[in-house]
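Results of the structural survey
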Amino acid sequence: MHIDEILYSQGFGTRRVCVGLIQQGYVSVDGASVTDPGEEFETVGLRFTVQGTEWAYHEKAYLMLHKPAGTECSQKPSTYPSIYTLLPSPLRLRPNKGAVQGVQAIGRLDQDTTGLLLLTDDGQFIHRMGSPKHHVPKVYEVTTKHPIDAKQVERLLAGVVLDDDPKPVRAAACEIAGPYHLSLTLTEGKYHQVKRMLAAVGNRVEALHRSRIGVLALPEDLAPGQWRWLDMAQVEALRNARASQPAARVDR
């Protein structure tokens with residue numbers, strides 16, 4: 001692939017901007033300056049530098065982000081900063097056949113909810129992970145206002161009725177992790193679902209953190225606001241995730 005096409009595909013600007021970066025000597029591969037926009041490179045395993053920023057070629061981008069509190073999962077936030085401001089410019093500008101450029105969050109977390117968030121520019125992967133029929137389990141660590149008891153757990157597992165749907169919503173798994181700490185696994189993604197489920201059993205959510213999606217756990221060394229590439233083993237594990245799968249770890 002031509003180096004100008006490589007830069008464009010990775011989000012380093014318009015085609016004209018990418019050509020200009022190359023011709024002005026701002027691009028290097030393996031430490032050697034590249035000034036010919038038409039020079040060809042094998043993309044597999046390719047690493048290059050643009051204006052001092054080292055970058056690895058990815059045909060599709062798959063990321064995990066540790067969402068901090070006080071951020072919105074929106075390109076056009078209303079009150080709080082957008083999670084997309086936490087990402088480098090190329091990830092936000094990767095060309096896309098759709099109307100929106102760059103990587104997109106798979107689902108949303110409320111502004112006060114923290115934890116694991118996946119982002120990609122792979123439309124099929126977004127559909128696969130977001131489709132209700134695939135029942136990809138998501139684990140939430142819930143801090144409650146009132147002590148958790150066995151009766152509340154039983155009701156969450158049996159199912160509670162929310163105000164917008166007569167069909168009961170059930171937790172796939174529910175474990176008391178402390179007097180005010182509940183580990184809750186869901187396979188659906190209704191609006192404010194955890195908060196509404198806890199309210200339905202007479203409790204209240206004080207803090208909410210998503211610790212796992214499918215078999216992928218949020219790494220302990222990924223601080224709030226930080227992001228990381230997923231490798232293909234992690235991506236394939238997520239693609240194959242099912243609600244019945246054991247909670248094996250594939251995080252690094």
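Refer to the structure printed above.
Residues numbered from 1 in each chain as written. Predicted model: local features only at pLDDT ≥ 70, side-chain atom pairs only at ≥ 80, totals over all residues. Heavy atoms only, no water.

Attention now goes to the sheet that holds strand 1 (residues 27-29). Ordered by their spatial adjacency, 4 strands build an open sheet running 2-1-3-4, and the pairing between neighbours is antiparallel. Each edge of the open sheet carries a strand with a single partner, namely strand 2 (32-33) and strand 4 (53-56). Sheet topology note: the strand 3 (residues 47-50)/strand 4 ladder contains 4 bridges and is antiparallel. Each residue of the ladder has a partner; that of V50, found in strand 4, is T53. (Pairing = 2+ DSSP bridges. Helix = DSSP H or I, 4+ residues; strand = E, 2+ residues; numbered from the N terminus.)

Let's shift gears to the nonpolar core. Counting residues in hydrophobic clusters, the biggest one holds 48 residues, and the most contacted among them are L7, F48 and L184. If we skip the residues at most four places from it in the chain, F48 touches I6, L7, Q10, F12, S28, V29, T53, E54, W55 and Y57. Counting 16 residues, the second-largest nonpolar core is a separate cluster that includes M64, L116, L218 and A241. (Core = buried A, V, L, I, M, F, W, Y, C linked by side-chain atoms within 4.5 Å. Buried < 20%, exposed > 50% of the residue type's maximum accessible area, 1.4 Å probe, protein only. Contact = heavy atoms within 4.5 Å.)

Here we come to helix 4 (residues 123-130). Those residues of helix 4 that sit buried are F125, R128 and M129. Along helix 4, the residues classed as buried sweep out an arc of 90° about the axis, all on the same side. Helix 4 presents H127 and G130 as exposed residues on the side facing more than 90 degrees away from its buried surface. At its buried positions, helix 4 is contacted by strand 5 (62-67), strand 7 (114-120), strand 8 (138-144), strand 13 (205-213) and helix 7 (232-239). The opening residue of helix 4 is D122, an N-cap whose side-chain oxygen sits 3.1 Å from the backbone nitrogen of Q124. (Arc of directions from axis to C-beta. Polar contact = N/O pair within 3.5 Å; in protein donor to acceptor, adjacent residues only side chain to side chain.)

Quick look at the side chain of R196 now. Secondary-structure assignment places R196 in helix 6 (residues 193-200). Polar contacts involving the side chain of R196 include one to the main-chain carbonyl oxygen of Y191, which spans 2.6 Å. Aside from chain neighbours lying at most four places away, what touches R196 is L162, D163, D164, K190 and Y191.

A few words on the side chain of H66. Mapped onto the fold, H66 is located in strand 5. Beyond its immediate sequence surroundings of up to four residues, H66 is in contact with G115, H209, L218, L222, A223, P224, G225 and Q226.

Further remarks concern the packing of aromatic side chains. Describing an aromatic ring pair means giving the distance of the ring centres and the angle of the ring planes. All chains considered together, the criterion is met by 5 aromatic pairs. Ring centres of Y62 and F125 lie 5.3 Å apart, and the angle between their planes is 85°; this geometry places the pair in the edge-to-face category. Of this pair, Y62 sits in strand 5 while F125 sits in helix 4, and the two are 63 residues apart along the sequence. For the pair shown, Y62 and F125 are each scored as buried. Pairwise contacts between aromatic rings join F12, F48, W55, W227 and W229 into one cluster. (Phe/Tyr/Trp six-rings, centres within 6.5 Å; stacked < 30°, edge-to-face > 60°.)

Note that every value here comes from positions in space, so none of it alone points to a role or purpose.
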